[in-house]
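# Observations on the model geometry
Given next are the chains, with one letter for each unit.
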Amino acid sequence: MLLGEILMVALGAIRANKLRSMLTMLGIVIGIAAVITMVSLGEGAQKQVQERLQALGTNVLTVSPGQQFMGGVDRGENRLTIDQARALLNDPRAISKVSPEMSRNFQVEYGGRNASASIVGVWPAYFQINNHTVALGRLFTNGEDAGRRRVAILGALAGDKVGVDSRMLLGREIRIKGIGFEVIGVLKEKGATGGFGNPDERIYIPLSTAQFRIMGQDRVNNVAVQAISAQEMTAATVEIDRVLRRERRIPPGETSDFTIRNSASLLNTVEETAKTFTFLLAGIAVVSLVVGGIGIMNIMLVSVTERTREIGVRKALGARKRDIMLQFLIESLVLCLAGGIIGLAAGAGGAFAMSKVAGWNTAISPGVVLVAILFSAFVGVFFGLWPARRAASLDPIVSLRYE
């Protein structure tokens, strides 16, 4: 028999039992849809983590002070100081840039409105370390920091605190703790970075201005340090530890009263966790595919039994074993591929619905689509092989006598 004739016979058998064919495909549809949806959620989560890594800046380490509590109150004795941060820039080897960070919530006023906002005092290097870029205006300079100038840079959403778009405040004066500050720049939006707060809602001022005009102290919340390169992160960590232990007079053998955190490592851990859950969910979805494949094999075996006499007639008319086997394999393959395509559309629709309704990040890669289609074809061949071989091995004499 010609391949085209075999294909037409196989498709005719599927059309003759439309309802059964649809129910047979249902297991494959559900399996592929589950795989696509689950993997797209995992891919979206990993993509979001990568975006956060970019937002955090490159090769960044954060030094935070330890805490000493007495009676449930932080004594503040272990706070880092600006002088200790400056010491990191004395003959640095693996360290590129440093910026202390001094932050606290204060009342911000503009146009008769006031609200509490996070005020952050930093050095100009802070913006480069943390990968901030200016949307409008400019950043303040080292000279303005040294001169304790009353200038401010707004995060993209900081103006919302007083009911005004941040861009509209460029060149205007806002009042922080009752002191006037000129807005000289507005940053591009970065978005929240997990547990690291939302930089878009902050107001940045020179560190010296924050120290002497607003907060009245030299203790800082943390110090951002940028290593020379990603390969020098470990060396930078060792250098920070050595310098700060010396500056804070910590005897050898005693535990450091500060911590050095690699934000990228933390988010990489989150990414690995997301990958693990993706594989777990995809594995559960693959079980649905296997169950669907078993259902197809069961239906095909029933079909062989029902069509025993037909197989006998075709063999008597000259059909070879491989023709019969190919016909049943094609039927199984068509059912699985059709179910895979429908499941692919359903999975993509489910992922899109989750991103719109629940606000989850989803991403469907072409590789996942290709693997899903190939896997559904594999299921069709694998689970259709036994029924096909059984049909091909039927004795034509016995088949013609079958009632």
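Everything in this summary refers to the structure shown in the same document. (Residues numbered from 1 in each chain as written. Predicted model: local features only at pLDDT ≥ 70, side-chain atom pairs only at ≥ 80, totals over all residues. Heavy atoms only, no water.)

With that settled, the discussion passes to the pairing of strand β10 (residues 179-187). Among the nine residues that make up β10, seven are buried, leaving the element largely enclosed by the rest of the structure. Here strand β7 (residues 134-137) runs beside β10; their pairing, made up of three bridges, is antiparallel. What sits directly across from L136, in β10, is V186. Sheet topology note: the strand β8 (residues 151-154)/β10 ladder contains four bridges and is parallel. By the bridge assignment for β10, V151 is matched with E182. With four bridges joining them, strand β9 (residues 173-176) and β10 adopt antiparallel strand pairing. From the neighbouring strand, I174 faces β10, where its bridge partner is F181. Here β9 folds back onto β10 in antiparallel fashion, the turn holding two residues, of which K177 has a positive phi close to 55°. (Buried < 20%, exposed > 50% of the residue type's maximum accessible area, 1.4 Å probe, protein only. Helix = DSSP H or I, 4+ residues; strand = E, 2+ residues; numbered from the N terminus. Pairing = 2+ DSSP bridges.)

To continue, consider unusual backbone geometry. Even without a glycine there, the phi angle at N131 is positive, about 60°. Note on placement: N131 falls in the loop between α4 (125-129) and β7. The exposure class assigned to N131 is partly exposed, which follows from its relative accessible area of 38%.

Attention shifts here to the environment of S376. In this fold, S376 is placed in helix α11 (residues 366-392). C-alpha separation for the pair S376 and G293, spaced 83 residues apart in sequence, amounts to 8.7 Å. Not counting residues within four places of it along the chain, the set of residues in contact with S376 comprises I28, I32, C336, L337 and G340. (Contact = heavy atoms within 4.5 Å.)

Below, the discussion takes up the pattern of salt bridges. Summed over the entire model, instances satisfying the criterion amount to six salt bridges. Of the charged contacts, one joins R86 and D83 as a salt bridge, the two residues approaching to 3.2 Å between their closest N and O atoms. Taken together, the residues R86 and D83, both in helix α3 (residues 82-87) and three residues apart, mark about one turn of the helix. Taking relative accessible area as the criterion, R86 reaches 41% and is therefore assigned partly exposed. Two residues, E173 and R175, come together in a salt bridge whose shortest N-O distance is 3.7 Å. (Salt bridge = Lys/Arg side-chain N within 4 Å of Asp/Glu carboxyl O.)

Residues L88, I174, I176, I203 and V223 are the most contacted members of the largest nonpolar core, which totals 44 residues. Broken down by element, this core gets its largest block of residues, six residues, from strand β5 (residues 95-110). Residues within four places of I176 in sequence aside, it is in contact with F106, Q107, V108, I119, F181, I203, I205 and I214. Core analysis: the next-biggest nonpolar cluster, separate from the first, contains 25 residues, V35, V368, A388 and A391 among them. (Core = buried A, V, L, I, M, F, W, Y, C linked by side-chain atoms within 4.5 Å.)

Take a nonpolar patch on the surface next. On the surface, L19, L23, L26 and I30 cluster together into a nonpolar patch covering about 420 Å² of accessible area. Secondary-structure assignment places L26 in helix α2 (residues 18-56). (Patch = residues over 30% accessible without salt bridge, like charges linked within 9 Å, V, L, I, M, F, W, Y side chains within 5 Å. Areas by Shrake-Rupley, 256 points an atom, 1.4 Å probe, with all protein chains shown as cover.)

For the rest of this paragraph, the subject is the packing of aromatic side chains. If you walk through the whole model with that rule in mind, you get four aromatic pairs. Seen from their ring centres, Y126 and F127 are 5.8 Å apart, and the 90° between their planes marks the pair as edge-to-face. Accessibility assignment for this pair places Y126 and F127 in one class, buried. Judged by centre distance (5.7 Å) and plane angle (40°), the ring pair of Y126 and Y204 falls under tilted. (Phe/Tyr/Trp six-rings, centres within 6.5 Å; stacked < 30°, edge-to-face > 60°.)

Let's shift gears to helix α7 (residues 233-247). Given a rise of 1.5 Å per residue, 15 residues ought to cover 21 Å, and the 21 Å separating the end C-alpha atoms of α7 matches this to within 8%. Residues of α7 that are buried include every one of M233, A236, E239, I240, V243, L244 and R245, and no others. Where α7 is buried, its residues meet β1 (60-65), β4 (80-81), α3, β5, β13 (222-227) and β14 (258-262). Phi turns positive, to about 55°, at R249, one or two residues after α7. (Expected span 1.5 Å × (residues − 1).)

For the rest of this paragraph, the subject is the environment of A227. Inspection of the secondary structure assignment puts A227 in strand β13. Judged by relative accessible area, A227 falls into the buried class, the value being 2%. Sequence-wise, A227 and N59 are 168 residues apart; in three dimensions their C-alpha atoms are separated by 5.4 Å. Apart from the residues lying within four places of it in its own chain, the contact partners of A227 are N59, A94, S96, E232, M233 and A236.

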